[in-house]
Amino acid sequence: MSAVANTARAERPVTIGTVRSSNSGRLSWLVPTIYIVLLMLPIYWLVNMSFKTNTEITGVFSLWPEAPTLRNYEVIFSDPSWYMGYVNSIIYVVLNTVISITAALPAAYAFSRYRFLGDKHMFFWLLTNRMAPPAVFALPFFQLYSSLGLIDTHIAVAIAHCLFNVPLAVWILEGFISGVPREIDETAYIDGYSFPKFFVKIFMPLIASGIGVAAFFCFMFSWVELLIARTLTTTDAKPITAIMTRTVSAAGMDWGVLAAAGALTIIPGALVIYFVRNYIAKGFALGRV
Amino acid sequence: MLELVGVTKQVGAETHITDVTMTLVKGSLNVLLGPTLSGKTSLMRLMAGLDKPTAGDIRMDGVSVVGVPVQKRNVAMVYQQFINYPTLTVYENIASPLRIQGASDAVIKAKVGKAAELLRLTEHLDKTPLQLSGGQQQRTALARAVVKEAGLVLLDEPLANLDYKLREELRAELPKIFAETGAIFVYATTEPMEALLLGGNTGCLSLGRLTQFGSTIGVYNRPADLITAETFSDPPLNIITVDKRGSEFRHTGGVSFPATPKQAALPDGRYTIGFRPHHLYLDAQGSTGTATQGRVAITEITGSESFVHVDVADSRWVALVPGVRNLDVDTTITVYVDPERFFIFDQTGKLASAPASAA
């Protein structure tokens, strides 16, 4: 009797288990696949278009290029007014990332380690800077920078983007810094480290991943931001995103070149994501893991 | 010689340290004993120079060091948490104070090697601290304090987070390791037993006040007041309030004890009596013991010893007796106390009479 009960008990979970796992096995690939297909479709279409001729783009519906061509990319890499757009973008994005991190690191350290009058309010106020749409600042920035003669320089865009990136970097870094016990700072002082030496030699390596994540977010914001970058530049420092809006000519729209330019703008972001992919989740948690 | 004169530390409205005066001589071992939040760490931070006293003076060899930055002071400190530089190897962690001093590579190699051998870290020098066990991490921190050869070594409950075997081992070795350097050695702990094992001097802290400072055995045998006696007793002191009438101590519920001739000489009045759990007996102790009835509340057995909690009149006493004593709850038993072993405190908490001999 007991033997029968035992086998019944032993079999039941197995059956349920197999049914469930085969069910989920049949369906588990479906949802992610739909999601990835939906996600990749526009990107695929962009890349697809970039290898087509304009007649094919406007004339027929084809899932892949019927007459693949590299002409679109040739246009971009041979015309300075095109490829300088990438150079300009990268210059001010890197400038901005460096400035933002350099300014945010000491600020985040202060917010994390010291108590001072209004520290909490100021910390929150920093974030409110990100609540306003960038367009709000376009006009004051334009007026201010033209009176200083900074219009159409890389540094102008880099500094303007700091308004959004410094608060973000401070928020991210503060979390990482608060994760480092204060006793490490004190041990370094007891060992004889001066503050600057401790900060560079001991502290910055400790929060390297935080710095990486903060730099990534600064890079991405500055890279995709269009409005302020376009307002503050005319020719010499014109970013690629602004150049892309000017492909409409008397001859009509050059779809192929535009698609190729778009496909190229994805590359720097993808590269940066590849390098910091392991830290991004931590960065979204602002280090408070 | 480190002198603290009337040192007070306030943080906002809170007072962390109140009017501490003590002198620590070169080459001495000093234990700061007190429960958590009694101000041990605060006092150490003041000694190290990490915090500035609100009032009072701190002098090193007669010269005030208040306001001297911690980098310029010759101190080493080890925290209860295992604090190392996670990005550096164990070797670089230990070498860190020497590197800052600008010592040559040969000197660093020799000193780090010696310290690592002393603390048995030699085979771990190439690892980073997070690859080590807790005990090894703390030994790394201790090694860093050793190589600095500082004049003042502050250890803030360094063994509290270690397992007991390692703790016993290190506790025996630590004083020896630092004794060679002739440094002033300060060791904070919450455990009275640890203070007794270390010896040297003990300062008892309670609520930010230094209640007594003197030789460890001296403080243990003659605590200046009730708070010190309570701090310096583990398991906790049995405490009863009594009314002294001539040569008799009257407790509530008709319980009373005879006073020794010396105790009888005290003026009549209310007193607080404290006696240690190992001086409450379950067996008659010759002629001096006084028997009284009590009800067993609970028995805790640790193996070689048993703690018997007994309700006598309306107070709860604990007896520490050798061996396993499994007594049923609520049974009435006879317990014996020895008035010879009484610490008697007057109404202000000051010691009025202590046992003549230590036992």
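Residues numbered from 1 in each chain as written. Chains lettered and ligands numbered in written order. Predicted model: local features only at pLDDT ≥ 70, side-chain atom pairs only at ≥ 80, totals over all residues.

Colleague: Can you explain the overall build of chain A? Please cite residues and give values.
Modeller: Along its length, chain A carries 14 helices and two strands. A burial count over chain A gives 31% of its 289 residues as buried. Within chain A, contacts between residues separated by at least 24 positions form 80% of all contacts whose residues are at least 6 apart in sequence. (Helix = DSSP H or I, 4+ residues; strand = E, 2+ residues; numbered from the N terminus. Buried ≥ 20, exposed ≤ 12 C-beta atoms within 10 Å, placed from the backbone. Contact = placed C-beta atoms within 7 Å.)

Colleague: Can you lay out the domain arrangement of chain B for me, pointing to particular residues and giving the numbers?
Modeller: The extent of an interface is frequently quoted as the accessible surface area lost upon association of the parts. Residue and element names in this part refer to chain B. Partitioning chain B into domains gives domain 1 (2–225) and domain 2 (238–353). Once you take the C-alpha centre of each, domain 1 and domain 2 turn out to be 38 Å apart. Contact with domain 1, which involves four residues of that partner, is made by five residues of domain 2. Per-class residue counts for the side of domain 1 that touches domain 2 are two nonpolar, no polar and two charged. (Domains from an automatic or database assignment. Nonpolar A, V, L, I, M, F, W, Y, C, P; charged D, E, K, R; others polar.)

Colleague: Any chance you could break down the packing of helix 2 (residues 90–101) of chain B against helix 3 (residues 105–118) of chain B for me, citing the residues and the numbers?
Modeller: Helix packing geometry: the angle between the two helix axes and the distance between the axes. Residues and elements named next belong to chain B. Two elements in contact, helix 2 and helix 3, have axes whose closest approach is 10 Å; the angle formed by their N-to-C orientations is 130°. As the angle between them shows, helix 2 and helix 3 are arranged oblique. Crossing handedness for the pair helix 2 and helix 3: right-handed. Taken together, the residues of helix 3 that come into contact with helix 2 (itself represented by Y91, I94, A95, L98 and R99) are I108, K111, V112, A115 and A116. Of the residues assigned to the contact of helix 2 with helix 3, the class counts are eight nonpolar, no polar and two charged. (Axes fitted to C-alpha atoms, helices over the stretch in contact; angles between N-to-C directions. Parallel < 35°, antiparallel > 145°, perpendicular 65-115°, else oblique. Left-handed = near helix turned anticlockwise from the far one by under 90°.)

Colleague: Mind laying out the environment of B:S306, listing which residues take part and the relevant values?
Modeller: Residues and elements named next belong to chain B. Positionally, S306 belongs in strand 17 (residues 305–312). Assessed through the 19 C-beta atoms surrounding it within 10 Å, S306 is described here as partly exposed. With 226 residues separating them along the chain, S306 and Q80 place their C-alpha atoms 30 Å apart. Leaving out residues up to four positions away in the same chain, S306 has contacts with T299, E300, I301, V321, G323, V324 and R325.

Colleague: Give me the domain arrangement of chain A: which residues, what numbers.
Modeller: Residue and element names in this part refer to chain A. Splitting chain A by domain gives domain 1 (2–50) and domain 2 (80–284). Listed per partner, the contact involves four residues of domain 1 and six residues of domain 2. Here the residues of the side of domain 1 that touches domain 2 sort into three nonpolar, one polar and no charged.

Colleague: Kindly report on the interface of chain A and chain B, identifying the contributing residues and their values.
Modeller: Every contact between the two is made by 14 residues of chain A and, on the other side, 17 residues of chain B. If you tally residues by element for the side of chain A that touches chain B, the top one is helix 9 (residues 182–191) of chain A, at seven residues.

Colleague: Mind laying out the sheet that holds strand 16 (residues 290–301) of chain B, listing which residues take part and the relevant values?
Modeller: Residues and elements named next belong to chain B. As summarised here, the arrangement of the five strands in space is 15-19-16-17-18, forming an open sheet in which the pairing is antiparallel. Because the sheet does not close on itself, it has two edges, and the strands there are strand 15 (280–281) and strand 18 (315–322). With six bridges connecting them, strand 16 and strand 19 (residues 332–337) associate as antiparallel partners. Pairing of G294 across the sheet is with I333, part of strand 19. (Pairing = 2+ DSSP bridges.)

Colleague: Could you give me a rundown of the nonpolar core, with the residues and numbers involved?
Modeller: Ranked by size, the top nonpolar core spans 135 residues in total, and within it A:L173, A:A214, B:M47, B:V153, B:L154 and B:V186 carry the most contacts. Setting aside residues no more than four positions away along its own chain, B:V153 makes contact with B:A76, B:A145, B:F178, B:A183, B:F185 and B:V186. A:M49, A:I57, A:V257 and A:A260 belong to the second-largest nonpolar core, a separate cluster that totals ten residues. (Core = buried A, V, L, I, M, F, W, Y, C linked by C-beta atoms within 7 Å.)

Colleague: Just give me the short version of helix 3 of chain B, but keep the residues and values in it.
Modeller: All names here are of chain B. Taking 1.5 Å of rise per residue, the 14 residues of helix 3 would be expected to cover 20 Å, and the 20 Å separating its terminal C-alpha atoms lies within 8% of that figure. Taken residue by residue, helix 3 has I108, K111, V112, A115 and A116 as its buried positions. Mapping the buried residues of helix 3 onto a view down its axis gives an arc of 130°, with all of them on the same face. For helix 3, the exposed residues lying more than 90 degrees away from the buried face are A106 and E117. (Expected span 1.5 Å × (residues − 1). Arc of directions from axis to C-beta.)

Colleague: Which residues make up the sheet that holds strand 20 (residues 343–345) of chain B, and what values do they have?
Modeller: Hydrogen bonds along the backbone pair up the strands of a sheet, which may run parallel or antiparallel. Residues and elements named next belong to chain B. If you trace the six strands from one edge of the open sheet to the other, you get 13-12-11-14-20-21, paired in antiparallel fashion. Of all the strands in the sheet, the pair left with one neighbour each is strand 13 (256–258) and strand 21 (351–353). Across the sheet, the mean angle from the axis of one strand to that of its neighbour is 40°, orientation sign disregarded. Here strand 12 (residues 248–250) runs beside strand 13; their pairing, made up of three bridges, is antiparallel. Paired with E248 across the bridge in strand 13 is P258.

Colleague: Kindly report on the confidence of the model for chain A, identifying the contributing residues and their values.
Modeller: Scored by pLDDT, chain A comes out at a mean of 83, with 86% of its residues at no less than 70. The model gives residues 1–19 of chain A a pLDDT under 50, and that stretch makes zero contacts with residues more than four places away or in other chains. (pLDDT = per-residue confidence, 0-100.)

Colleague: Explain the pairing of strand 8 (residues 184–189) of chain B residue by residue, including any values.
Modeller: Residues and elements named next belong to chain B. Taking burial as the measure, the six residues of strand 8 include six buried ones, the bulk of the element. Residues I184, V186 and A188 of strand 8 are buried on one face, and the alternating residues F185, Y187 and T189, pointing to the opposite face, are buried as well. Where strand 3 (residues 29–33) lies against strand 8, five bridges are found, and the strand directions are parallel. Across the sheet, L32 pairs through a bridge with A188, a residue of strand 8. As paired elements, strand 7 (residues 152–156) and strand 8 share five bridges and run parallel to each other. Within strand 8, the residue paired with L152 across the bridge is I184. For the handedness criterion, the β-α-β arrangement of strand 7, helix 5 (residues 164–179) and strand 8 is classed as right-handed. (Right-handed = clockwise from strand over helix to strand, strands pointing away.)

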